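What the coordinates show
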Amino acid sequence: MAAEHTSSNAGLAIGAGSRRTRVLVRAALLLGVVVSLFPFYWLVVMASVTTQDILAYPPRLVPGTQLLHNMREVIDRIDFFTSLFNTVVVATVGTLLVLFFDSLAAFAFAKYVFPGKRILFGVLMATYMIPSQLALVPQFVTMAEFGWAGTLKALIIPGAANAFGIFWMRQYAQNSLPDELLDAGRIDGAGFFRLYAQVALPLFRPALAFLGIFTFISLWNDYIWPLVVMVNPDKVTLQVALANLNIAYNTDYAVVMAGALMSVLPLIVVFLIGARHFLRDLAAGATKM
């Protein structure tokens, strides 16, 4: 009886400890969610009030009623929809090109042997360590020589492939693409592009979802390169257009925040869609394993 009583007490203690652990973990996760979402909530608050409310002390923590008015001011002060269209084209086409070329190069680097492979990959990684700001002037000169300065091609073509995406996809391909599948495809007579399209790409979907989200957000938020190369004022992107809301000595911060909110909303939609596919494919892969 004493042994049974002792084991029962031990079981109760373990159960209580596990419950406390779950409570602490959930509390930590909830705190993390609140901390992560608060900047977006604060953006909504500032976009829905006046500049006087933003500068007031103590700060206002409840959304106001000026959101639609501030959004109309954004549309009236800048060519919002044209710049939004340009940004959507650049981010969408640029992301698709990055996904294609980076995954194709990563497939070759991960699963094929060819002369100079190590040297070429080393040079590729060396370019990743060079700050992008150093390439602004020579890249602009190149775009001007091609006659692309001031066009959307100057924002899309130079970034059609990048070292980070190739490195990321190569690491994923080495760990997720068995050589046996490729050997089976070769026995069936499949060539390089057929193996890439029918064998590699279905397994690459989680990595492609992450790379797509990362690339789309980077292109959407890019400011320096569009500011430099888009010499045509009718072809500016959204971030460059929103910068025009910051008028010297008389900045309406409520309108600026409304513009920032309008530029963030499409990114949230893209992130939710991409993250859902990423988690679904990742869970499916874990189940198959």
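Just above sits the structure.
Note that the structure is predicted; figures quoted are calculated from it, not measured. Each chain has its residues counted from 1, running along the sequence as written. Given that the model is predicted, a residue must reach a pLDDT of at least 70 before its local features are reported, and side-chain atom pairs must reach 80 or more before they are shown or counted; all residues, however, enter totals for whole chains, interfaces and linings. Working from all heavy atoms in the structure, the side-chain values ignore hydrogens and water.

Things to note about the pattern of salt bridges
Whenever a carboxyl oxygen of Asp or Glu lies within 4 Å of a side-chain nitrogen of Lys or Arg, that contact is scored as a salt bridge. If you walk through the whole model with that rule in mind, you get five salt bridges. Where Arg60 meets Asp53, a salt bridge forms, and the shortest distance between an N and an O atom there is 3.9 Å. We classify Arg60 as partly exposed; its relative accessible area is 36%. The exposure class assigned to Asp53 is partly exposed, which follows from its relative accessible area of 28%. In this structure, Asp252 and Arg77 form a salt bridge, with 3.6 Å as the shortest nitrogen-oxygen distance. You can see Asp252 sitting in the loop between helix 12 (238-243) and helix 13 (253-288) and its partner Arg77 sitting in helix 3 (residues 67-77), a full 175 residues away along the chain. By relative accessible area, Arg77 is classed as partly exposed at 39%. Here the residues in one salt-bridge network are Glu73, Arg77 and Asp252, joined through shared partners. Exposed residues in this analysis have more than 50% of their type's maximum accessible area, buried residues have under 20%, and partly exposed residues fall in between, with area computed by a 1.4 Å probe over protein chains only. Helix and strand definitions follow DSSP, with helices as H or I runs of at least four residues and strands as E runs of at least two, each counted in order from the N terminus.

Section: a nonpolar patch on the surface
Each patch is built from residues that are more than 30% exposed by relative accessible area and take part in no salt bridge. Like charges join if they lie within 9 Å; nonpolar side chains (Val, Leu, Ile, Met, Phe, Trp, Tyr) join within 5 Å. Residue exposure ignores everything except the shown protein chains as possible cover, and the areas themselves are Shrake-Rupley values with a 1.4 Å probe. On the surface, Phe38, Tyr41, Leu61 and Val62 cluster together into a nonpolar patch covering about 380 Å² of accessible area. Position of Val62 among the secondary structure elements: in the loop between helix 2 (51-55) and helix 3. A relative accessible area of 52% places Val62 in the exposed class.

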